[in-house]
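Residue-level structural notes
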Amino acid sequence: MSKYEPLWKHIKEQDSDSLKMTYAEIESITKFPIDHSFLTYKKELTVYGWKVLKISMKYKTVEFGKIM
């Protein structure tokens, strides 16, 4: 099981086609701060029908989108 599995499950449950989350929101779900390994683990999200669209280090946000 991936350390980001709780986040992937949360995103999969969303009804919208896109989702923007802050680093703090992600940390509240995963119980650890987002780190550089996220860049590797983000590939797992496609199994859940979603992908990472944009990571903003300036605003500390991550945008996700459903794969159509």
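Right, let's walk through the structure included here. (Residues numbered from 1 in each chain as written. Predicted model: local features only at pLDDT ≥ 70, side-chain atom pairs only at ≥ 80, totals over all residues. Heavy atoms only, no water.)

What about the nonpolar core?
Definition in use: By nonpolar core is meant a set of buried Ala, Val, Leu, Ile, Met, Phe, Trp, Tyr and Cys residues that side-chain atoms within 4.5 Å join together. Relative accessibility decides the category of a residue: with a 1.4 Å probe and only protein chains considered, values under 20% of the type maximum give buried, values over 50% give exposed, and everything between is partly exposed. The helix and strand labels rest on DSSP assignments: H or I over at least four residues marks a helix, E over at least two residues marks a strand, and numbering proceeds from the N terminus. In what follows, a contact means two residues having at least one pair of non-hydrogen atoms within 4.5 Å.
Counting 16 residues, the largest nonpolar core has Leu-7, Trp-8, Ile-11, Phe-38, Val-62 and Phe-64 as its most contacted members. Contributing elements (two or more residues each) for this core: helix 1 (5–12), strand 1 (18–22), helix 2 (23–30), strand 2 (50–56) and strand 3 (61–66). It is helix 1 that provides the largest number of residues to this core, a total of three residues. Once residues lying within four places of it in the same chain are set aside, the contact partners of Val-62 are Leu-19, Lys-20, Met-21, Tyr-23, Ile-26, Ile-34, Phe-38, Val-52, Lys-54 and Ile-55.

Some points on the sheet that holds strand 2
Heads up, the condition is: Strands were regarded as paired on the criterion that DSSP finds at least two bridges between them. Axis lines are fitted through C-alpha atoms, for helices just across the contact stretch, and the angle between N-to-C directions can take any value from 0 to 180 degrees.
The sheet built from three strands is open, its strands ordered 1-3-2 with antiparallel pairing. At either end of the open sheet lies a strand with only one pairing partner, and these are strand 1 and strand 2. Direction aside, neighbouring strands of the sheet carry axes that sit 20 degrees apart on average. Two elements, strand 2 and strand 3, share six bridges in a ladder whose sense is antiparallel. Following the sheet pairing, Trp-50 is matched in strand 3 by Lys-66. Of the strands in this sheet, strand 1, strand 2 and strand 3 are in contact with helix 1, which crosses strand 1 at around 140 degrees. The strands touched by helix 2 are strand 1, strand 2 and strand 3; relative to strand 1, the strand with the most contacts, the crossing angle is about 90 degrees.

Thoughts on the packing of helix 1 against helix 2
Just so we agree on the cut-off: Oblique is the label for every angle not falling under 35 degrees (roughly parallel), over 145 degrees (roughly antiparallel), or within 65 to 115 degrees (roughly perpendicular). Throughout, a crossing is termed right-handed when the near helix is turned clockwise from the far one, and left-handed when it is turned anticlockwise from it by less than a right angle. Asp, Glu, Lys and Arg are counted as charged, while Ala, Val, Leu, Ile, Met, Phe, Trp, Tyr, Cys and Pro are counted as nonpolar; the rest, among them Gly, fall into the polar class.
Closest axis-to-axis distance for the helix 1/helix 2 pair is 8 Å, and the angle between their directions is 110 degrees. With respect to their mutual orientation, helix 1 and helix 2 come out roughly perpendicular. For the pair helix 1 and helix 2, the sense of crossing is right-handed. Here Pro-6, Leu-7 and His-10 of helix 1 come into contact with helix 2, specifically with Ile-26, Ile-29 and Thr-30. Of the residues contributing to the contact of helix 1 with helix 2, the split by class is four nonpolar, two polar and no charged.

A few points about the pairing of strand 3
The pairing of strand 1 with strand 3 spans five bridges and is classified as antiparallel. Among the inter-strand pairings, Met-21 is bridged to a residue of strand 3, identified as Val-62.

Things to note about the environment of Lys-66
Residue position: Lys-66 is located in strand 3. Measuring from C-alpha to C-alpha, the distance between Lys-66 and Thr-40 comes to 19 Å, with 26 residues separating the pair along the chain.

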